[in-house]
Amino acid sequence: MDNFYSPTTDQPMIVKFIQTQRNAIQSHNYVRHAIGYVIRGRKYIYNGDLRQEVNRGEMFYLSSGNHYTEEIPEDNKPFEQIVFYYSPEKLGKILATLSMNYNMDIVNDHSCPNCHEQNHVIYPAWNAAKTFFNMVNQSIREGDITKDKTLESMKMLELIYLILTEKECCFKTKILENTDSHKENFEQIIHRNIFNDISIEALAQQCNRSLTSFKKEFKKHYFEPPHKWFIRQRLMHSRLLLISTSKSISEIGNECNFPNTSHFIKLFKKEFGMTPAAYRAYHNETRRNQAAEHKPKDDTQVGSMMNRQ
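Conventions adopted
Residues numbered from 1 in each chain as written. Predicted model: local features only at pLDDT ≥ 70, side-chain atom pairs only at ≥ 80, totals over all residues. Heavy atoms only, no water. Helix = DSSP H or I, 4+ residues; strand = E, 2+ residues; numbered from the N terminus. Buried < 20%, exposed > 50% of the residue type's maximum accessible area, 1.4 Å probe, protein only. Contact = heavy atoms within 4.5 Å. Areas by Shrake-Rupley, 256 points an atom, 1.4 Å probe, with all protein chains shown as cover. Pairing = 2+ DSSP bridges. Axes fitted to C-alpha atoms, helices over the stretch in contact; angles between N-to-C directions. pLDDT = per-residue confidence, 0-100. Phe/Tyr/Trp six-rings, centres within 6.5 Å; stacked < 30°, edge-to-face > 60°. Lys NZ or Arg CZ within 6 Å of the ring centre and 35° of its normal. Expected span 1.5 Å × (residues − 1). Arc of directions from axis to C-beta. Parallel < 35°, antiparallel > 145°, perpendicular 65-115°, else oblique. Nonpolar A, V, L, I, M, F, W, Y, C, P; charged D, E, K, R; others polar.

**Observations regarding the overall build of the chain**
When you go through the chain residue by residue, the secondary structure sums to 14 helices and nine strands. For the chain, the proportion of its 309 residues judged to be buried stands at 46%. By sequence separation, contacts in the chain at least 24 residues apart represent 73% of the contacts at least 6 residues apart. Approximately 16900 Å² of the chain is accessible, and the part contributed by carbon and sulfur atoms is 49%.

**Considerations on the sheet that holds strand 6 (residues 58-62)**
The strands that make up a sheet are held in pairs by hydrogen bonds between backbone atoms, and each pair lies either parallel or antiparallel. With antiparallel pairing, the five strands of this open sheet are ordered in space as 1-8-3-6-9. Each of the sheet's edge strands pairs with one partner strand only, and the pair in question is strand 1 (14-19) and strand 9 (120-124). Going across the sheet, the axis of each strand differs from the next one's by a mean of 20°, ignoring polarity. In the sheet, strand 1 pairs with strand 8 (residues 79-86) via six bridges, with the strands oriented antiparallel. By the bridge assignment for strand 8, F17 is matched with Q81. Each of strand 3 (33-40), strand 6, strand 8 and strand 9 is contacted by helix 6 (residues 170-177), which is oriented at about 30° to strand 6, the strand it contacts most.

**Overview of the pairing of strand 8**
Within strand 8, eight of the eight residues are buried, which leaves it mostly tucked inside the rest of the structure. Neither face of strand 8 is exposed, since F79, Q81, V83 and Y85 on one face and E80, I82, F84 and Y86 on the opposite face are all buried. Direction of pairing for strand 3 relative to strand 8: antiparallel, over a ladder of seven bridges. In the sheet register, Y37 faces strand 8, and the bridge partner there is I82.

**Things to note about the confidence of the model for the chain**
Residues at a pLDDT of 70 or more form 87% of the chain, whose mean pLDDT is 84. Scored below 50 in pLDDT, residues 1-9 makes 29 contacts in the model with residues more than four places away or belonging to other chains. For the stretch residues 299-309, pLDDT sits under 50, and the model shows two contacts to residues farther than four places along the chain or on other chains.

**A look at the packing of aromatic side chains**
Enumeration over the complete set of coordinates arrives at 20 aromatic pairs. A centroid spacing of 5.7 Å and a plane angle of 45° characterise the contact between F186 and F214, whose relative ring orientation is tilted. One end of the pair, F186, is in helix 7 (residues 181-192); the other, F214, is in helix 9 (residues 211-222), with 28 residues separating them in the sequence. Across this residue pair, the class does not change: F186 and F214 are buried. Measuring from centroid to centroid gives 5.7 Å for F268 and Y279, while their planes differ by 70°, and the two rings are edge-to-face. Within this pair, whereas F268 is found in helix 12 (residues 261-272), its partner Y279 is found in helix 13 (residues 276-293), the two being separated by 11 residues in sequence. The buried category is assigned to F268, whose relative accessible area is 0%. When the ring centre of F60 is taken as reference, the NZ or CZ atom of K43 above it lies at 4.9 Å. One Lys or Arg, R51, reaches over the ring of Y44 and ends 3.8 Å from the middle of that ring.

**So, helix 1 (residues 88-101)**
Taking 1.5 Å per residue, 14 residues should reach 20 Å; helix 1 reaches 19 Å between its end C-alpha atoms and fits that length. All of the buried residues along helix 1 are P88, L91, I94, L95 and L98. Projected down its long axis, helix 1 shows its buried positions confined to an angular sector of 125°, all on one face. Opposite its buried face, helix 1 presents the exposed residues K93, M100 and N101, each directed more than 90 degrees away. Within two residues after helix 1, N103 carries a phi angle of roughly 50°, on the positive side.

**Observations concerning the packing of helix 9 against helix 10 (residues 226-244)**
Running from N to C, helix 9 and helix 10 cross one another at 45°; their axes reach a closest spacing of 10 Å. When the axis of helix 9 is compared with that of helix 10, the two are oblique. Between helix 9 and helix 10, the contacting residues are F214, K215, F218 and Y222 on the first element and P226, W229 and F230 on the second. Partitioning the contact of helix 9 with helix 10 into residue classes produces six nonpolar, no polar and one charged.

Encoded structure:
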């Protein structure tokens, strides 16, 4: 799995990413939550069969855990984004500072199905947020933030302040949920072991819970039993490997902790309605058709169109 976007707690809080070429869908295992802003190009965030687009000037939130993304440059210029990473502990300190030192009343009454079902949010940046990220981008160019941890922390506080003063929305809701470090530690252990050959009993032990309480808490967080959830996550990852790599079916099965290829094919077909090979062929055909639809018209057609305008 690609861990390019997976900084540990001793790595920078603010990072600028530049990508010159379009890559295949990437899998990232975040160890901290992330708030990002697309400066140039567009970004796709995948959630099952759903693909959501983040355009230039839009913000995105990604919780800790696994995410599948694709970054696309535009007009022969690189894709650029700025990402702020933070832990629940860091967020808790910021909220306490805003509450005590700035007398800020931190409330959020927004709630909707998306808040509970998705681990990412896309939100259009308002004018103050755009100005903020442009200033951060300038500071990164000049090297100020990378050399000054205090400035980095101040910028993080400023960003959280801007978000909290925005209208009630999913973006604010997801961020305020991050103050639960108990939940954070539980989920970090779970996501860290998605592709490991580990028993439910061993997971419960890592989480310092009895098997019964572990299963109960797991269902509270993920809405289904552990075994079913782990299988689904591994199958989702295998599906992305099928469409983004040329690896064989058996290689993909092994990478996703399905060493028995026939069993992997059976599980995949049960989950998605077709075999891995059929899914890959279907996706490749769909991609070819889409490419044909967007193929530029020849010079004669273009000239004819211009003459009609």
